[in-house]
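# Overview (structure and organization)
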Amino acid sequence: MERVNETREKILEIIKSPSLTHEQKVTNLAGQADSLMEVLDLPEGLDELLNAPGEAQCICDLSEGHAPMRPRYIVPDYEKFMKEGSCFLQLAPPTDLYEALDHLLILYKHVPSVTNYPVFVGHLDRLLEPFIDTVEEAQAKKLLKMFMTHIDRTVLDSFSHANIGPAPTKAGRLLLEVEAELENAVPNLTLKYEEGVTDDAFMLKAIDCALHSAKPSFANHAMFRSELTEDYVIASCYNGLPLGGGSYTLCRLILGNIAKRSSGIQDFEENQLPYVMDIMARYMDERIRFEVEESGFFENNFLAKEGLIHRDRFTAMFGLVGLADCVNLLLEKEGKSGRFGHDENANDLGVEIMEIIQKFNDAHVNPYCEVTGGHFLLHAQVGLAEDQNVTPGTRIPIGEEPEELIDQLLVLSRFHKYFPSGTGDIFSIDLTVHKNPEYVLDIIKGAFKKDLRYLSFYSSDSDVIRVTGYLVKRSEMEKLDQGLAVLQDTTALGLGASKNGHILERKVR
């Protein structure tokens, strides 16, 4: 009864909210309905780890609820759609740029996810390149500007993600020009970079776009391809996922809070961490079992029926936050000096912890994650708006970045390798770099040679900024902070992160 009353209060709060739009209220109310259904056979001990308040919470289900009616992240094969059309949507294959853009916008309305919006909107340059010369270039650019504006105004959070690259294309070039001009927060955008394939001219145009609009981010294509094959995408925040599939679920370990349960390093590594990982993995197994065996999604949704997604192309994401918090606390408990990101003993302990997590994940088998060998993919989760004193993934805490950028990159290079389904680091760049974008290009090239996976940049004077893995506008956060309604859900997340996670205080490079 207590939980029902709490949910009732939350529902009334949503309904009465002056700062939520109608669509945002509907989305939030649907989330409350998910949370009321307790149909899963939950592992013993989960409740005290998942539903505990504040610093006692060690597992977070990221608001998925206990009745998952669809996978968390869905990654359709848009190229198949463009070649074959859709019987369900009564669409023939497009023949020109007008039809191509219109068809995609129609399909986006029918691609669900945990946010009820598509978390992946396609390799846009590859999808549109066959049609880009069906109109004059000026007209193509105008159409692309309308298309990207339509996405920004109707897909109401920036967990929606597009990809371009690695090969330069006319469509890719025009998309970068359009995004630099529009400075919209949605969709997110990643350029897949590969040395010898992505030329410098294309990269410099992308960097110019990033300094205006905080996108694209840059993915180490060779690294992702070696782990996920050529058929992968970057979706949602920065998640590497199989094309034509996606992720059933994402849960996260809150490592700093697990460390608080521990008497020291040995207790953490041998008892507390393994205990929490086991419960979270079995919880994820049960979520996946329900989605596959009971929800009916894969039997009934037209995306699966028409081969735009395939059940055996789905995996799951075993997430974590707060490695820095965890390391610093464990060293303190042992009476040892050192801070994560600055001292070798602290960084070595971070690697030691990651090796334990990876070994556990490699040993855990889920029968419905065939595409990734029966294993989950590790994911460095970026945090929630309400997180306080929780560092995203394996990042160095804001305010504690090493003085020299190279030192920060060398620390990060020890951890990116663990996370095929997503990790990344963000750099606020001094506005004078607009005059020297080659500086950023050199950083990207050097970092990728050191096995960094994913890098994001934005200008220190940009209205659009990258919060953790998603984008918001400073101007929109200011409006929301004054109690005014704003268009996109992620603005509220960004405002929370600015107050609790100090994302506006990143060291400017």
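Placed above this text is the structure.
Please read all numbers here as calculations on a predicted model, not as lab measurements.

In this section: the packing of helix H12 (residues 265-293) against helix H16 (residues 344-363). In the contact formed by H12 and H16, the axes pass within 11 Å of each other and the chain directions differ by 35°. For H12 against H16, the interelement crossing comes out right-handed. Residues Ile 265, Phe 268, Glu 269, Leu 273, Met 277, Asp 278 and Ala 281 of H12 touch H16, and the partners they reach there are Leu 349, Glu 352, Ile 353, Ile 356, Ile 357 and Phe 360. When grouped by side-chain class, the residues that make up the contact of H12 with H16 number 10 nonpolar, no polar and 3 charged.

Turning to the packing of aromatic side chains, a few remarks are in order. On inspection of all chains with the given rule, the structure shows 16 aromatic pairs. Relative to Phe 120, the ring of Tyr 78 lies with its centre 5.9 Å away and its plane at 45°, an arrangement referred to as tilted. Taken together, the residues span a long stretch of sequence, with Tyr 78 in helix H4 (residues 78-84) and Phe 120 in strand S3 (residues 120-123) at a distance of 42 residues. When sorted by exposure, Tyr 78 lands in the same class as Phe 120, which is buried. Ring geometry for Phe 224 against Tyr 232: centres 5.3 Å apart, planes inclined by 15°, an arrangement best described as stacked. For Phe 224, a relative accessible area of 0% puts it in the buried group. Grouping aromatic residues by their ring pairs yields a cluster made of Tyr 78, Tyr 108, Phe 120 and Phe 147. Between Lys 192 and the ring centre of Tyr 232, over which it is positioned, the NZ or CZ distance is 3.9 Å.

For the pair helix H7 (residues 137-154) and helix H8 (residues 170-182), the least separation of the axes is 9 Å and the interaxial angle reads 55°. With respect to H8, the element H7 is oriented oblique. The hand of the H7/H8 crossing is right-handed. Together, Glu 137, Ala 140, Lys 141, Leu 144, Lys 145, Met 148 and Thr 149 of H7 and Lys 170, Arg 173, Leu 174, Leu 175, Glu 177, Val 178, Glu 179, Glu 181 and Leu 182 of H8 make up the contact between the two elements. Looking at the contact of H7 with H8 residue by residue, the class counts come to 7 nonpolar, 1 polar and 8 charged.

Moving on: the side chain of Lys 215. The residue Lys 215 is located in the loop between helix H9 (200-213) and strand S6 (217-220) in this model. When its relative accessible area of 0% is taken as the criterion, Lys 215 is described as buried. At 2.6 Å, the side chain of Lys 215 and the side chain of Glu 179 are in polar contact. Filtering out sequence-adjacent residues up to four positions away, Lys 215 remains in contact with Glu 179, Asn 184, Ala 185, Val 186, Pro 187, Asn 188, Leu 189, Ala 206, Cys 209, Ala 210, Arg 466 and Leu 471.

So, how was this worked out
Residues numbered from 1 in each chain as written. Predicted model: local features only at pLDDT ≥ 70, side-chain atom pairs only at ≥ 80, totals over all residues. Heavy atoms only, no water. Axes fitted to C-alpha atoms, helices over the stretch in contact; angles between N-to-C directions. Helix = DSSP H or I, 4+ residues; strand = E, 2+ residues; numbered from the N terminus. Left-handed = near helix turned anticlockwise from the far one by under 90°. Contact = heavy atoms within 4.5 Å. Nonpolar A, V, L, I, M, F, W, Y, C, P; charged D, E, K, R; others polar. Phe/Tyr/Trp six-rings, centres within 6.5 Å; stacked < 30°, edge-to-face > 60°. Buried < 20%, exposed > 50% of the residue type's maximum accessible area, 1.4 Å probe, protein only. Lys NZ or Arg CZ within 6 Å of the ring centre and 35° of its normal. Parallel < 35°, antiparallel > 145°, perpendicular 65-115°, else oblique. Polar contact = N/O pair within 3.5 Å; in protein donor to acceptor, adjacent residues only side chain to side chain.

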